[in-house]
Every structure is written in structure tokens, then in C-alpha cells.
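# Remarks on the overall topology
Take a look at the letters that make up each chain.
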Amino acid sequence: MRRSKYRRPSSSRMPSWLTGRRRILAAVATLAVFGGIVAVTQVSSASTTKTQKKALSACDNIATPPKTKLSTKTKPGTYTTNGGPNGAKITQHADDGAGDVPSVDTLRQRCRDWVMTNVGGGKNNSAGNNGGGASSAPAADPSASAADPSASASAGNGGNNGGGNNGGGNATTQPTAAPTDSGAATSPPPGAGLGVLTNSCSTSTLAPHTGFQDGDRCVSTEFGEVGVAANNPSLLITDSPKSVQVNTPFTLKVSTRNLIRDRFLAAGAGGYYVESSVLANGIERGHFHTACRMLSNTSEAPDPSPVPAFFVATEDKKGGATPDVVTIQVPGLPTTGTAQCASWAGDGSHRIPMMQRANQLPAFDSTRITVRN
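Residues numbered from 1 in each chain as written. Predicted model: local features only at pLDDT ≥ 70, side-chain atom pairs only at ≥ 80, totals over all residues. Heavy atoms only, no water.

## Here's the deal with the overall build of the protein chain
Scanning the protein chain from N- to C-terminus turns up 2 helices and 15 strands. The proportion of buried residues among the 373 residues of the protein chain is 32%. If you sum the accessible surface of the protein chain, you get close to 21,700 Å²; carbon and sulfur atoms cover 54% of it. (Helix = DSSP H or I, 4+ residues; strand = E, 2+ residues; numbered from the N terminus. Buried < 20%, exposed > 50% of the residue type's maximum accessible area, 1.4 Å probe, protein only. Areas by Shrake-Rupley, 256 points an atom, 1.4 Å probe, with all protein chains shown as cover.)

## Quick look at the nonpolar core
With 20 residues, the main nonpolar core has Phe250, Leu252, Phe288, Cys292 and Ile328 as its most contacted residues. When residues of this core are traced back to their parent elements, those giving at least two are β5 (234-239), β7 (250-257), β10 (283-295), β13 (324-330), β14 (337-347) and β15 (364-372). Membership of the second largest hydrophobic core comes to 9 residues, among which are Ile62, Leu107, Trp114 and Val119. (Core = buried A, V, L, I, M, F, W, Y, C linked by side-chain atoms within 4.5 Å.)

## Looking at the pairing of β7
Summarising the sheet, β5 and β7 pair through 5 bridges and their orientation is antiparallel. Paired with Asp239 across the strands is Lys253, a residue of β7. Here 7 bridges tie β7 to β13, and the two strands are oriented antiparallel to one another. From the neighbouring strand, Thr256 faces β13, where its bridge partner is Asp324. (Pairing = 2+ DSSP bridges.)

## Topic: the pattern of salt bridges
Considering all chains together, one arrives at 7 salt bridges under this definition. In this structure, Asp60 engages Arg112 in a salt bridge whose closest nitrogen and oxygen atoms are separated by 3.1 Å. Of this pair, Asp60 sits in helix α1 (residues 21-60) while Arg112 is found in helix α2 (residues 104-118), placing the two residues 52 residues apart along the sequence. Using a relative accessible area of 27% as the deciding quantity, one classes Arg112 as partly exposed. Across the salt bridge formed by Asp262 and Arg285, the nearest N and O atoms sit 3.2 Å from each other. Here Arg285 lies in strand β10 and Asp262 lies in the loop between β8 (259-261) and β9 (279-280), a separation of 23 residues in the sequence. (Salt bridge = Lys/Arg side-chain N within 4 Å of Asp/Glu carboxyl O.)

## Observations concerning α2
The terminal C-alpha atoms of α2, which comprises 15 residues, lie 21 Å apart, in line with the 21 Å expected from a rise of 1.5 Å per residue. Taken from the residues just after α2, Gly120 is the one with a positive phi, measuring 80°. (Expected span 1.5 Å × (residues − 1).)

## Re the state of the cysteines
Scanning the model with the defined rule gives 3 disulfides in all. A sulfur-sulfur distance of 2.0 Å marks the disulfide that ties Cys201 to Cys218. Its torsion about the S-S bond being -95°, the disulfide of Cys201 and Cys218 is classed as left-handed. Here Cys201, found in the loop between α2 and β3 (207-208), pairs with Cys218, found in strand β4 (residues 217-218); they are 17 residues apart in sequence, far enough to count as distant. (Disulfide = S-S within 2.5 Å.)

## Things to note about the sheet that holds β5
With antiparallel pairing, 3 strands are arranged side by side in an open sheet as β5-β7-β13. Of all strands in the sheet, those with a lone pairing partner are β5 and β13, marking the two edges. Direction aside, neighbouring strands of the sheet carry axes that sit 30° apart on average. (Axes fitted to C-alpha atoms, helices over the stretch in contact; angles between N-to-C directions.)

## A few points about the packing of aromatic side chains
Using the criterion set out here, one finds 3 aromatic pairs in the structure. Considering the side-chain rings of Tyr272 and Tyr273, the 4.1 Å spacing of their centres and the 20° angle between planes classify their relative orientation as stacked. Overall, Tyr273 belongs to the partly exposed group, its relative accessible area being 26%. Three or more aromatic residues joined by ring pairs make a cluster, and in this case those are Phe311, Trp344 and Phe364. (Phe/Tyr/Trp six-rings, centres within 6.5 Å; stacked < 30°, edge-to-face > 60°.)

## Structural notes on the side chain of Ser343
Topologically, Ser343 is positioned in strand β14. Among the polar contacts listed, one links the side chain of Ser343 to the side chain of Thr290, at a separation of 2.9 Å. With residues up to four places along the chain from it excluded, the contact list for Ser343 reads Leu235, Ile237, Val254, His289, Thr290, Ala363, Phe364 and Asp365. (Polar contact = N/O pair within 3.5 Å; in protein donor to acceptor, adjacent residues only side chain to side chain. Contact = heavy atoms within 4.5 Å.)

## Focus: the environment of Pro362
With respect to the secondary-structure elements, Pro362 resides in the loop between β14 and β15. Measuring from C-alpha to C-alpha, the distance between Pro362 and Asn232 comes to 8.7 Å, with 130 residues separating the pair along the chain.

## Considerations on the side chain of Ser255
Tracing the backbone through its elements, the reader meets Ser255 in strand β7. For Ser255, a relative accessible area of 15% gives the class buried. Of the polar contacts made by the side chain of Ser255, one reaches the backbone oxygen of Asp324; its length is 2.8 Å. Non-local contacts of Ser255, meaning those with residues more than four positions away in its chain, are made with Ser234, Leu235, Leu236, Thr238, Pro323, Asp324 and Val325.

Here you go:
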């Protein structure tokens, strides 16, 4: 049978324009496109591998964790005791966990695991990249030992610039976890792979702290400098009365060691939590506080919100490595009952100074005074 010249072309046939030379050119163009995709993928893979290798090299430099002195009479390790609410068991961590030291091999493996999850093609959920609440940052968990020099991040200490500059993440050392386009070495942030919730205000939903006495804020000021154990501040109330009469002046004597009492930023002026810890020849620069409050009873922790009956901050341009004694004049206490009087050291913006070891006592002391008619 003769085919009609008006017969519709089959839909499965190649279009008439894609024949001969045009067909060859289209095939070449298609190959070029796929070749470009393969090339880009290979370059991206090579960049990722290079970045990961540099990050992993930081893991290989993790040093053996430093040994620390442990308390002499404490049962070692983690254990439980009775005495919790309703007879519940209480978990006790001897020396604040200072004896639970992992091996260097364990630390390095934690570091490698962190790198493979967060660097290159991983999730990269490091602090500073999470936009949500503070609970979203387990991946920011650091893998390096405190003894690892590669774990230190660059200083971004905007907190030293005074009140009002504590923007979320603005004054914070950001973890150097995110790889850069140049493939620069990536150092895992500190924390030893312990599931750190966050170490930056960039993961907080709270407003930045302003340097004034605000609550529900996130403080981005860096902790700052910490001295060696022998140079860490200590404090003791060396003399106080056992009882006093209502509204009658009395004195407390306070001794400080390793505290240069020359640094004080007034909280009312915006100097609260804005300055990092600063050492002078290894000794903390700051001041100390003394306060007295009346206790409603002595069988439970007191309500922290009421203002105390007495509070002063002592900045007398003295102090240092050698212990000395300062006399504090208390003008009297308002009611009968039991008063708690305490003294504690503060850095430039009022925080108790840091210590090298977790099982050191902070520079704090407290005493009870009976107030009678």
C-alpha cells in the first residue's frame, strides 16, 4: 500500500532538525556538560578531602592530658550516696571529675570523629553556624584536649571595650570549626568530645547582654586569662563576731592572696560581665566583695532575689601575691535572727576568678552571725 504524503511523523522518531551535523554537535555539547559536572565534583571532593586532612592533622597534635592533683580523702571516681530528696541516690563526682582523664588515643579518636562529622561534606553544625536555640549544638562539641595548642581559637575579645558591646557572638571567640573556601586548617574547638551544648552566644535566642544588670541575656565576653594553681586567688574571713546587736556597727577582717585589688568596672555604669579576666605577672587583677543578708531559716537555700542588708566592693589599689588583711566596716544589721556574711573575690567585671584546676576552692568565704536585741 502506498503511504500518504500527509502521514503524521511518529512521536518516537528524532526531530528533523536533530540530524546529521546538528546531531553530532548536540552529542558533543552533552558530553561537555557532563564532563564539567564530573570535573566540578572532583574539584569539590578534592577540596573537601584537603580540608579534612588539615583538620585531622590538628587531631594528631593533641597532647597527653595534663595530670592534676586529687583530694586526699575523697573516694575516687564517680559514685552514689544516699541523701537526696525523698531518699533518692545522689551521684557524686570526686574532684569535679578531674580524675576521669581519657587517654590521648581516645581524645584523638574523638577529634577525628568530630572532624569527619563537621568538616568538609559533613553537617558542619558547629557553634557559630547554628541559628537556633542553645540546645542545637552538640555538633559544636569540641574534640581537643585543653593541652592541645591547636585547639585555641583566635581572640575576639570585644568585652574589653566596655559596656554595650556584648552582641551575640560579637565578643566571643568563635570555634574555628567551619572550613574556609581556601581549605585552611580547621582546629576543632576545645571540650574533649563531651557533648557541649554550646560555647557561643550565636546559638542563643536571648538578647545580648548590655553590660548593665540585666537578666535573660547572653554574655559573650570571653573568660580571659587564668593563672597557674599557685597564683590563683584565695580569700578568708579571718575575724568576725559571733553575735551583734541590731543596728550596731561591727567589723569583718578579710584576707586575700594573689589578688591585685586595682580593677573595678561599676555595674551601674555598664561594667557588668564586660571585661575578661586579666593577669598581671600571673596574678589576677580585680577586687573583692563583702555582703551580709538575713536568713529566714537555716534549713534551706535562701531566696536569691532580695537585696542584702549590706554590700560593698573593695578596690584599694593594694593586694598582690602576698596575703594581707582588709578591715570591712559593717554599719549594722536591721533585724534579729541569723545573718550570713560572705566575702568573695571578683575580676574586673565581678565574676569569681577562674582557677587552673577544677578541684580548687574558689576565693570565697562565709560566716554566720547571730543578731540579737
